[in-house]
Amino acid sequence: MFGKYYIISKIGKGTSCDVYLAEHLKLKAYRAVKCINKVHAMQPQLLLEIDILKNLKHPGIPIIYDVEEDDTTYYIIEEYIQGQSLGAYMLHQDRISAEQAVHIVLQVCNILKYLHEHKPKAIIYQDLKPEHIILYEKQIFLIDFGISSYITSKGNAFQSFGTQGYAAPEKYQGIPCDIRADIYGIGKILEFIAAKMPKQESQILKPIIWKATAYARENRYPSVEILMQALKQILRLKHT
């Protein structure tokens, strides 16, 4: 591709794009190549991903190296994140402790806190689900910013985005979304992990899950930082 990259294999496919593993020919380094069809109905939203990612610098977010195009397709060249998704990881766990769950979710919260506090424009991720959380050794990465959006004082008008079972209720109600939509997603991730926990352990997390996933967003945690404080309190209780 473009005299720079050698395509090794397809590693992902979504409704809006295909993702390939490629090798940079000169650097001998792996890259992820996201291919977006120019005639796709969601093209403007998907191109927003380029604008968002190019300004982000966080160890849990893939680096965007380059953008190429031809007559039919845009190509976003990103850092290739090794590891496995949270969904795949959980399939191989017989049980998980509350402490393990909290450590995973705190890392996810740290990334979202960075996005929500980003200057000059705050960002909401909008599509938190196990497949988009990658575990590599002890590091958590958040991938696929295809439906992320900048947020204004009036919220974000895009309502139809997200994954059923993880997307906040207001995304289906015609209400502009704000950071509490991501907080709902964090609660659903915690609920997903808690399903593999012993009952006594999962009970410790129930109040946090209930508050984070409250149907009415005004009843949720008002910020990721306050949710993180509640999670850290669980760790303190476990060590007393």
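Our subject is the structure that appears above.
Please read all numbers here as calculations on a predicted model, not as lab measurements.

> I keep staring at the overall build of the chain and nothing clicks. Help me out?
Looking only at helices and strands, one finds six helices and 10 strands in the chain. Its C-alpha radius of gyration of 18 Å places the chain within 12% of the 18 Å reference for a compact globule of 240 residues. Expressed as lengths along the three principal axes of its C-alpha atoms, the size of the chain is roughly 60 × 40 × 30 Å. Taking all 240 residues of the chain together, 50% fall into the buried category. A fraction of 60% describes how many contacts in the chain between residues 6 or more apart in sequence connect residues 24 or more apart.

> Would you mind going over the pairing of strand S5 (residues 73-79) with me for this structure?
Across a regular strand the side chains alternate sides, sitting on one face of the sheet and then on the other. Judged by how many residues are buried, S5 sits mostly within the fold: six of seven residues are covered. Sheet analysis places strand S3 (residues 29-37) next to S5, joined by seven bridges and oriented antiparallel. Counted as the bridge partner of Ala 32 is Glu 78 from S5. As judged from the five bridges shared by strand S4 (residues 64-69) and S5, these two strands associate in the antiparallel manner.

> What's the story with the nonpolar core in this structure? I'm lost.
As a rule of thumb, soluble globular proteins bury nonpolar side chains together. Residues Leu 86, Leu 112, Leu 128, Ile 133, Ile 193 and Leu 231 are the most contacted members of the largest nonpolar core, which totals 54 residues. Ranked by residues supplied to this core, first place goes to helix H3 (residues 98-116) with 11 residues. Counting residues in each nonpolar core, the second largest holds seven residues, with Ala 122, Ala 168, Cys 177 and Tyr 184 among its members.

> Honestly, the packing of aromatic side chains in this entry has me stumped. Any pointers?
The relation between two aromatic rings is expressed through the spacing of the ring centres and the mutual angle of the planes. Tallied over the full model, the rule gives three aromatic pairs. Centroid distance Tyr 30 to Tyr 80: 6.2 Å. Interplanar angle 80 degrees. Geometry classified as edge-to-face. Residue Tyr 30 is found in strand S3, and its partner Tyr 80 is found in the loop between S5 and strand S6 (84-85); the two are separated by 50 residues along the sequence. Residue Tyr 30 is classed as partly exposed on the basis of its relative accessible area of 46%. A cation over a ring is seen here: Arg 31 above Tyr 65, with NZ or CZ 3.9 Å from the ring centre.

> I would appreciate a short explanation of the environment of Asp 18 in the present structure.
Counting through the fold element by element, Asp 18 comes out in strand S2 (residues 17-24). With relative accessibility at 18%, the residue Asp 18 sits in the buried group. Here the alpha-carbon distance between Asp 18 and Leu 48, two residues 30 residues apart in the chain, equals 17 Å. In contact with Asp 18, not counting residues within four places along its chain, are Lys 10, Gly 12, Lys 13, Val 33, Lys 34 and Cys 35.

> What should I look at first to understand the pattern of salt bridges in this one?
When charged atoms on two side chains of opposite charge get close, those side chains can pair. A full pass over the atoms with the stated rule returns 11 salt bridges. Here Asp 66 ties to Lys 4 by a salt bridge, and the two come within 3.1 Å at their closest N and O atoms. Of the two residues, Asp 66 sits in strand S4 while Lys 4 sits in the segment before strand S1 (5-13), which places them 62 residues apart along the sequence. Taking the shortest distance from any N to any O, the salt bridge between Glu 68 and Lys 4 comes out at 3.0 Å. Placement of Glu 68 in strand S4 and of Lys 4 in the segment before S1 is noted, with a sequence separation of 64 residues between them. The exposure class of Lys 4 is partly exposed, given its relative accessible area of 31%. When salt bridges with common partners are traced through the structure, they connect Lys 4, Asp 66 and Glu 68 into a single cluster.

> How should I be thinking about H3 in this particular structure?
Every α-helix winds through 3.6 residues per turn, so residues three or four apart in the chain are directed the same way. In this model, H3 (19 residues) spans 26 Å end to end at C-alpha, consistent with the 27 Å of a helix rising 1.5 Å per residue. Every buried residue of H3 is accounted for by Ala 98, Ala 101, Val 102, Ile 104, Val 105, Leu 106, Val 108, Cys 109, Ile 111, Leu 112, Leu 115 and His 116.

The rules behind the values
- Residues numbered from 1 in each chain as written.
- Predicted model: local features only at pLDDT ≥ 70, side-chain atom pairs only at ≥ 80, totals over all residues.
- Heavy atoms only, no water.
- Helix = DSSP H or I, 4+ residues; strand = E, 2+ residues; numbered from the N terminus.
- Rg over C-alpha atoms; globule rule 2.2 N^0.38 Å.
- Buried < 20%, exposed > 50% of the residue type's maximum accessible area, 1.4 Å probe, protein only.
- Contact = heavy atoms within 4.5 Å.
- Pairing = 2+ DSSP bridges.
- Core = buried A, V, L, I, M, F, W, Y, C linked by side-chain atoms within 4.5 Å.
- Phe/Tyr/Trp six-rings, centres within 6.5 Å; stacked < 30°, edge-to-face > 60°.
- Lys NZ or Arg CZ within 6 Å of the ring centre and 35° of its normal.
- Salt bridge = Lys/Arg side-chain N within 4 Å of Asp/Glu carboxyl O.
- Expected span 1.5 Å × (residues − 1).

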